[in-house]
Amino acid sequence: MTYYTPPPRDPKAAPVRINLLSDTQTRPTPAMREAMARAEVGDEQIGDDPTVNLLCERVADLLGKEAAVFMPSGTMCNVAATLAWCRPGDEILAHASAHIIAREGGAHAALGGFQITPLPGDDGQFSPETFRAALHPRSRYQPPQTVVSVEQTANIGGGTIWKKAALDEVVEIAKANGLVTHMDGARLLNACVASGISARDMAAGWDSAWIDFSKGLGAPVGGAIAGSRDFIDNVWRWKQRLGGSMRQAGICAAACVYALDHHVDRLADDHANARALARGLSQINGIEVQQPETNLVFFKPDGAGVPGDKMIEALRKRGVLLAMMDGRIRACTHLDVTAAMIEETVGFVREIVRGA
């Protein structure tokens, strides 16, 4: 089996009509495409793209930081942040299922030589007490503990939201022990919309934080990371080294600005659709469903007599696309998924279970 190329598409497979694979599957809306087409552009690499500059100002203000930088991807946000904060041999602490451990190809070890210590905890979150217990005295025998990272929301945990009190306590412990705080905000605005807490308040106390535009916000590409001016200057150096520095990137940044203006509040619709999906699946005997806090629904159909992989295969034949993740099926709602599609998906699952 190869891990480096995607499996070939089955030419006989039914067209995908309902895409619940991920919120990365969103397509730019016509209005977003129009905003991209008329974007003012310049050379982003020398700070001459007005639309990129506007986006960075907006994100810095949104997260309550001094400065921000536009990046091609959320992975590059995380990688550039750890490269900026750490030296080879340093230790980073994060939940065992975090993106930086499980979803970024080992980039932090390969590029930076960093050791990431996985912390246990339910629903993709470690407790402040677990974090405190993982700290050790500074010693030449052990790696310097440099960064603690949280993921908001916790993807593999089920799209769960870190509570503000827990975030504040982690920050307090980190600062008392000389660690930098980093927030992976891949779905940060989902957490903000669901909780009613502003992004600025959610990111308060975190030395670096970023938001992804190519998930629930529906832009075709990009993320933006924010922090102090010195930190962002260092991130820019790594952006250059990693090949992430762009030219007329305002075309992409315009989609992100549009998303901030038009696609944040509507995340509540995705959350409502996720709750509707979970409610419908829960009414089918034998299906185990984790109740969603945001736009991710994890469930196991095994108790209904259909293994997860068989359920995904049967749904794919009906034009519904989902994925196995961490031993469960993950369904992800987004702006291209309607309430009618949710109802139809529940009906298909019920039909598959009846035929098992």
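Here, every reference points to the structure presented above.
This one's a predicted model, so the numbers in the text were calculated from it and none came from an experiment. (Residues numbered from 1 in each chain as written. Predicted model: local features only at pLDDT ≥ 70, side-chain atom pairs only at ≥ 80, totals over all residues. Heavy atoms only, no water.)

(A) Region of the structure containing the sheet that holds strand 5 (residues 145–151). Judged by pairing direction, the sheet is mixed, and its seven strands sit side by side in the order 2-8-7-6-5-3-4 without closing on themselves. The outermost strands of the open sheet, each flanked by one partner alone, are strand 2 (67–71) and strand 4 (115–119). Between one strand axis and the next, the sheet turns by 20° as a mean value, whatever way the strands run. As defined by bridge partners, strand 5 adjoins strand 6 (residues 180–184) across five bridges and the pair is classed as parallel. The partner of glutamate 151 across the bridge, within strand 6, is aspartate 184. Of the strands in this sheet, strand 2, strand 7 (208–212) and strand 8 (223–227) touch helix 10 (residues 229–241), which is tilted by about 20° from strand 2. (Pairing = 2+ DSSP bridges. Helix = DSSP H or I, 4+ residues; strand = E, 2+ residues; numbered from the N terminus. Axes fitted to C-alpha atoms, helices over the stretch in contact; angles between N-to-C directions. Contact = heavy atoms within 4.5 Å.)

(B) View of the nonpolar core. With 53 residues, the main nonpolar core has Leu55, Val59, Leu63, Phe131, Leu189 and Phe213 as its most contacted residues. At seven residues, the largest contribution of residues to this core is made by helix 11 (residues 250–262). Apart from residues lying up to four places away in sequence, phenylalanine 213 is in contact with Leu55, Val59, Gly218, Ala219, Val221, Gly222, Gly223, Ala224, Cys256 and Leu260. With 28 residues, the next largest nonpolar core counts Leu277, Val306, Ile342 and Phe348 among its residues. (Core = buried A, V, L, I, M, F, W, Y, C linked by side-chain atoms within 4.5 Å. Buried < 20%, exposed > 50% of the residue type's maximum accessible area, 1.4 Å probe, protein only.)

(C) Looking closely at the packing of aromatic side chains. Within this structure, the stated rule accounts for three aromatic pairs. Centroid distance phenylalanine 126 to phenylalanine 131: 6.2 Å. Interplanar angle 55°. Geometry classified as tilted. Both residues of the pair, phenylalanine 126 and phenylalanine 131, belong to the buried class. On the basis of an interplanar angle of 70° and a centroid distance of 5.0 Å, the ring pair of phenylalanine 126 and tryptophan 162 is categorised as edge-to-face. In this pair, phenylalanine 126 sits in the loop between strand 4 and helix 6 (128–134) while tryptophan 162 sits in the loop between strand 5 and helix 7 (164–176), placing the two residues 36 residues apart along the sequence. Pair check on accessibility: phenylalanine 126 and tryptophan 162 agree, each one buried. Joined through ring pairs, the aromatic side chains of Phe126, Phe131 and Trp162 make up one cluster. Note that lysine 239 overlies the ring of tryptophan 236, its terminal NZ or CZ placed 4.3 Å from the centroid. Here arginine 241 stacks its cationic end above the ring of tryptophan 238, 4.4 Å away from the centre of that ring. (Phe/Tyr/Trp six-rings, centres within 6.5 Å; stacked < 30°, edge-to-face > 60°. Lys NZ or Arg CZ within 6 Å of the ring centre and 35° of its normal.)

(D) Inspection of the state of the cysteines at higher detail. Counted under the stated rule, the structure contains zero disulfides. Of the cysteine sulfurs around cysteine 192, a residue in no disulfide, the closest is that of cysteine 77, at 16 Å. Taking the relative accessible area as the measure of exposure, cysteine 192 reaches 8% and is therefore buried. Here cysteine 332 is not disulfide-linked; the sulfur of cysteine 192 is the nearest cysteine sulfur, at 17 Å. (Disulfide = S-S within 2.5 Å.)

In short, geometric facts, not functional conclusions.
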